[in-house]
Amino acid sequence: MYKAFQIAGYPPEEVDRRFGAMINAFKLGAPPHGGIAPGIDRIVMLLTRETNIREVISFPMKPAGSRLDDERSNTVTEKQLRELHIKLNLPKAR
């Protein structure tokens, strides 16, 4: 990795300062696609003639960076469980 940055004219100190997170990530191994992801979501966007990629992504982010379901309720009432015929068998609280 440092060799590629050296060819681009970056000394190792600047590479560590500016791209340290990426260097650390690559120490764990390259991504399975080798950095050449096919962009299937963009292909689907083009095929469906959508103008916004968020329309074809499974779990899109809002412009502010949060997911659409981040503000969902995280509690279930007993009435809701009964309506759906769900019985919880939770361990006893300690």
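Residues numbered from 1 in each chain as written. Predicted model: local features only at pLDDT ≥ 70, side-chain atom pairs only at ≥ 80, totals over all residues. Heavy atoms only, no water.

Draft legend 1. Representation of the overall build of the chain in the model. For the chain, the helix and strand inventory stands at four helices and zero strands. Along the chain, from the amino end to the carboxyl end, the secondary structure elements read α-α-α-α. Long-range pairs, those at least 24 residues apart, make up 3% of the contacts in the chain with a sequence separation of at least 6. Carbon and sulfur atoms make up 57% of the accessible area of the chain, which totals about 8,900 Å². (Helix = DSSP H or I, 4+ residues; strand = E, 2+ residues; numbered from the N terminus. Contact = heavy atoms within 4.5 Å. Areas by Shrake-Rupley, 256 points an atom, 1.4 Å probe, with all protein chains shown as cover.)

Draft legend 2. Just unusual backbone geometry, in detail. Positioned with a positive phi, Arg 49 is a non-glycine residue whose angle comes to about 60 degrees. Locating Arg 49 in the fold gives a position in the loop between helix H3 (40–47) and helix H4 (78–83). For His 85, which is not glycine, the phi dihedral falls at a positive 55 degrees. Within the fold, His 85 resides in the segment after H4. The class of His 85 is exposed, set by a relative accessible area of 75%. (Buried < 20%, exposed > 50% of the residue type's maximum accessible area, 1.4 Å probe, protein only.)

Draft legend 3. Representation of the confidence of the model for the chain. Confidence in the prediction of the chain, expressed as mean pLDDT, is 84, and 86% of residues score 70 or more. Across the chain, H4 holds the top mean pLDDT of 93, while helix H2 (residues 12–27) sits lowest at 89. (pLDDT = per-residue confidence, 0-100.)

Draft legend 4. Spotlight on the packing of aromatic side chains. Under the counting rule described, the total for this entry stands at three aromatic pairs. With centroids separated by 4.7 Å and ring planes inclined at 25 degrees, the aromatic side chains of Phe 5 and Phe 19 adopt a geometry described as stacked. Of this pair, Phe 5 sits in helix H1 (residues 2–7) while Phe 19 sits in helix H2, placing them 14 residues apart in sequence. For Phe 19, a relative accessible area of 22% translates into the label partly exposed. Between Tyr 10 and Phe 19, the aromatic rings sit 5.7 Å apart at their centres with planes inclined by 85 degrees, giving edge-to-face as the arrangement. Members of the aromatic cluster, each reached through a chain of ring pairs, are Phe 5, Tyr 10 and Phe 19. (Phe/Tyr/Trp six-rings, centres within 6.5 Å; stacked < 30°, edge-to-face > 60°.)

Draft legend 5. Local environment of the pattern of salt bridges. All chains considered together, the criterion is met by three salt bridges. Here Arg 17 and Glu 14 are joined by a salt bridge, their closest N and O atoms 3.9 Å apart. Of this pair, Arg 17 and Glu 14 both sit in helix H2, separated by three residues, roughly a single helical turn. For Lys 79, the salt bridge identified is with Glu 83, shortest N-O distance 3.9 Å. Placement of the pair is Lys 79 and Glu 83 together in helix H4, with a separation of four residues, close to one helical turn. (Salt bridge = Lys/Arg side-chain N within 4 Å of Asp/Glu carboxyl O.)

Draft legend 6. Inspection of H2 at higher detail. Taking 1.5 Å per residue, 16 residues should reach 22 Å; H2 reaches only 15 Å between its end C-alpha atoms and comes up short. Approximately 95 degrees is the largest bend angle found in H2, and it occurs at Phe 19. Turning to H2, its buried residues are Val 15, Gly 20 and Ile 23. Where the residues of H2 are buried, they touch H1. Positioned one or two residues after H2, Gly 29 has a phi angle of 120 degrees, which is positive. (Expected span 1.5 Å × (residues − 1). Bend = angle between axes of the 7 residues up to and from the residue.)

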